[in-house]
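# Descriptive structure summary
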Amino acid sequence: MRLSRRTTITLAAVVLVTGIAGSGVPAGALDPPPGVTDLTHDLDRILGDSRLAPARAGVVVRDADTGEELYSLDAGKLFAPASNTKLLTSAAALDTLGTDYRFTTQVLATPKAGKAVVGDLVLKGSGDPTMLAADYDALAAQVAAAGVKVVTGRLVADDTWFDDVRLGTDWAWDDEPYYYAGQISALTAAPDTDYDAGSVIVSVSPGDAPGAPAKVATTPETDYVTIVNRATTGAETDVAVVREHGGNTVVVSGTVADEYDEWVAVWDPTLYAASLFRRGLAAHGVRVLGPTARGAAPAGAAAVASHESMPLSRLLTPFLKLSNNMHAEILTKAMGRKAAGRGTWDAGLAVTTAFARANGVQTLRLRDGSGLSRVDALTPSGITSLLRAVRGKPWFRTWYDALPVAGVPDRMVGGTLRSRMQGTPAAGNVHAKTGSLTGVSALSGYVTAADGEPLVFSVVTNGFLASSTKDIEDAIAIRLARFSRAAAVDTADTAPALRSAAPGGADLECSWRKPAAC
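Residues numbered from 1 in each chain as written. Predicted model: local features only at pLDDT ≥ 70, side-chain atom pairs only at ≥ 80, totals over all residues. Heavy atoms only, no water.

## Considering the nonpolar core
Counting residues in each nonpolar core, the largest one holds 64 residues, and the members touching the most others are L87, L88, L97, L312, V390, W399 and Y446. Among the elements that take part in this core, helix α2 (residues 85-97) stands out by supplying seven residues, more than any other. Those residues in contact with L87, other than ones at most four positions away along the chain, are I383, L386, L387, W399, L403, K433 and S444. Y136, L187, Y224 and F277 belong to the second-largest nonpolar core, a separate cluster that totals 39 residues. (Core = buried A, V, L, I, M, F, W, Y, C linked by side-chain atoms within 4.5 Å. Buried < 20%, exposed > 50% of the residue type's maximum accessible area, 1.4 Å probe, protein only. Helix = DSSP H or I, 4+ residues; strand = E, 2+ residues; numbered from the N terminus. Contact = heavy atoms within 4.5 Å.)

## Remarks on the sheet that holds strand β2 (residues 56-63)
An order of β3-β2-β23-β22-β21 is seen for the five strands of this open sheet, with the pairing classed as antiparallel. Taken across any chain shown, the strands that pair with only one partner, and hence form the sheet edges, are β3 (69-73) and β21 (431-437). When the angles between neighbouring strand axes are averaged without regard to direction, this sheet yields 5°. Strand direction decides the pairing type here: β2 and β3, joined by four bridges, are antiparallel. The residue bridging V60 from the neighbouring strand is S72, located in β3. (Pairing = 2+ DSSP bridges. Axes fitted to C-alpha atoms, helices over the stretch in contact; angles between N-to-C directions.)

## Side note on the pairing of strand β22 (residues 440-448)
Within β22, eight of the nine residues are buried, leaving the element largely enclosed by the surrounding structure. Between β21 and β22, which pair antiparallel and follow one another directly, the connecting turn spans two residues, one of which, G439, has a positive phi of 80°. In the sheet, β22 pairs with strand β23 (residues 454-462) via nine bridges, with the strands oriented antiparallel. Following the sheet pairing, S444 is matched in β23 by S458. Counted between consecutive antiparallel strands, the loop separating β22 from β23 contains five residues, among which G452 sits at a positive phi close to 90°.

## Some remarks on helix α5 (residues 312-321)
Of all 10 residues that make up α5, seven are buried, and the element is covered over most of its length. Turning to α5, its buried residues are L312, L315, L316, P318, F319, L320 and K321. Packing partners of the buried residues in α5 comprise α2, α6 (325-340), α9 (396-402), α10 (411-414) and β21. Immediately beyond the C-terminal end of α5, within one or two residues, lies S323, with a positive phi of roughly 55°.

## Describing the packing of aromatic side chains
The relation between two aromatic rings is expressed through the spacing of the ring centres and the mutual angle of the planes. One pass over the full model with this rule turns up 12 aromatic pairs. For the ring pair F355 and W395, a centre distance of 6.5 Å and an interplane angle of 40° mean the geometry is tilted. Placement of F355 in helix α7 (residues 345-358) and of W395 in the loop between α8 (380-389) and α9 is noted, with a sequence separation of 40 residues between them. The exposure class of W395 is buried, given its relative accessible area of 6%. (Phe/Tyr/Trp six-rings, centres within 6.5 Å; stacked < 30°, edge-to-face > 60°.)

## Things to note about the sheet that holds strand β9 (residues 199-205)
With antiparallel pairing, the three strands of this open sheet are ordered in space as β10-β9-β15. The sheet terminates laterally at β10 (215-219) and β15 (260-265), the two strands that pair on one side only. Across the sheet, the axes of successive neighbouring strands diverge by a mean angle of 25°, strand direction being ignored. In the sheet, β9 pairs with β10 via five bridges, with the strands oriented antiparallel. Pairing of I201 across the sheet is with T219, part of β10.

## Considerations on the pairing of strand β8 (residues 155-158)
The alternating pattern of β8 places L155 and A157 and V156 and D158 on opposite faces, both of which are buried. In terms of strand pairing, strand β6 (residues 121-124) meets β8 through four bridges, oriented parallel. In the strand pairing of β8, L121 is matched with L155.

## Details of unusual backbone geometry
The amide bond that connects T219 to the next residue, P220, takes the cis arrangement and shows omega of 0°. One can find P220 in the loop between β10 and β11 (226-229). Non-glycine residue S323 carries a positive phi angle of around 55°. Considering the arrangement of structural elements, one finds S323 in the loop between α5 and α6. Overall, S323 belongs to the buried group, its relative accessible area being 3%. At M421, a position not held by glycine, the phi torsion is positive, near 65°. Structurally, M421 can be placed in the loop between α10 and β21. Overall, M421 belongs to the buried group, its relative accessible area being 6%.

## Considering helix α1 (residues 34-46)
For the α-helix, the turn length of 3.6 residues means that residues three or four positions removed from each other point alike. In a regular helix each residue adds 1.5 Å, so 13 residues correspond to 18 Å; α1 covers 18 Å between its end C-alpha atoms and thus fits that length. Within α1, burial applies to G35, V36, D38, L39, T40, D42, L43 and I46. Next to the buried residues of α1 lie β2, β3 and α11 (470-482). (Expected span 1.5 Å × (residues − 1).)

What follows is the structure, given as structure tokens:
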């Protein structure tokens, strides 16, 4: 049976199970030091949580220097990793593209005659996810500064650096209107410096009196999105902001008492970016007589203006700290373009897969770069092998610093771990990547034990019915921060970190809860 429109990239290997089935006891650990025995006991206790009874959990803990396995549970089993996939994507991107890699956006034209471009003006992108409305305005200013007053032809949006497949295989249809599942294009725009490419912010605020229509605005200001405002001013904020499938009509309904923001993915980011650029041209006195169209720049067209993004070394911070799905997918296609001359998911995933295999990840399945696909599959053993292998890369420190840091409130340091493990030995210590989908949670990264031993770890849970298992991940990371080979550790204060097994309210990764709470 054909499962999808695109070939799944799969690498399979015979997996040597390194631990005793159903136990966290490492193979060969017949007489481990007292601290290791104590660690095994405590991790077994934490993982005995009743929320995991109907679920699957995979856990591996290793000495980062020697590779010695200190704890192993289903190490070689495949799990849906959610955003832990970004560990592979980001590392492969650094290795393939380099820390100094920049995206370039250009404005191209045939030679102008006086103050006119006789023919088309072309806006050509290479996937820059950091382009803001202000950047398109600055490009328009460069065109005007070059003396152009009128374009007799069209404004052509050239997004051919990537293919025209906008959404990943296996992505859920009901995620499509939301910023975390935005469409991928070589021409795109972000609304703010979180750089959620291909989205706008819809802001809803109270009107002048109870019952009056709410006020609705977008960032950036744009007429590319049509707002249908059915919201009213009320005593509480209960607002729905929904983009209709297949277009850019956004319906706002409900009541609003305080300002409410929703990040909404646009339909067709290529034309969205072109609309921002065209608006900038008009503001700077450049008239384009023809319509906006999609196409490729003609041979011989010369650059009139250009913009370069920040280097990849800096882009890693919003990418990994905030777990930005669009950055992962854009970088995947950028790797494919560099390695194979094709800006496609297939070409880019082949690069990531080859890199992962060369760095210890022998068993995996990749369908995208972000982990949004539930068909992605990694093993905890493979993840920890990658974490160890990349420590020898020249770019490692840049990558390590870009990972979220437990318990650090600064959003661009703590990232998706900013409110977790605060006031514990893991705070400021654990550098790790989070992962969240419904019924899927993951935390994998680095921690320094109490006696200075560097550890790598991976915790992945699939199939749980409770609202979250992140407190289980936190309890494990905290216990690793307290670990010492020499002696048992008093972990009486670890238990309160675990919540009741009863399902509660939604507990999502910060990247899925865009408003300021994150």
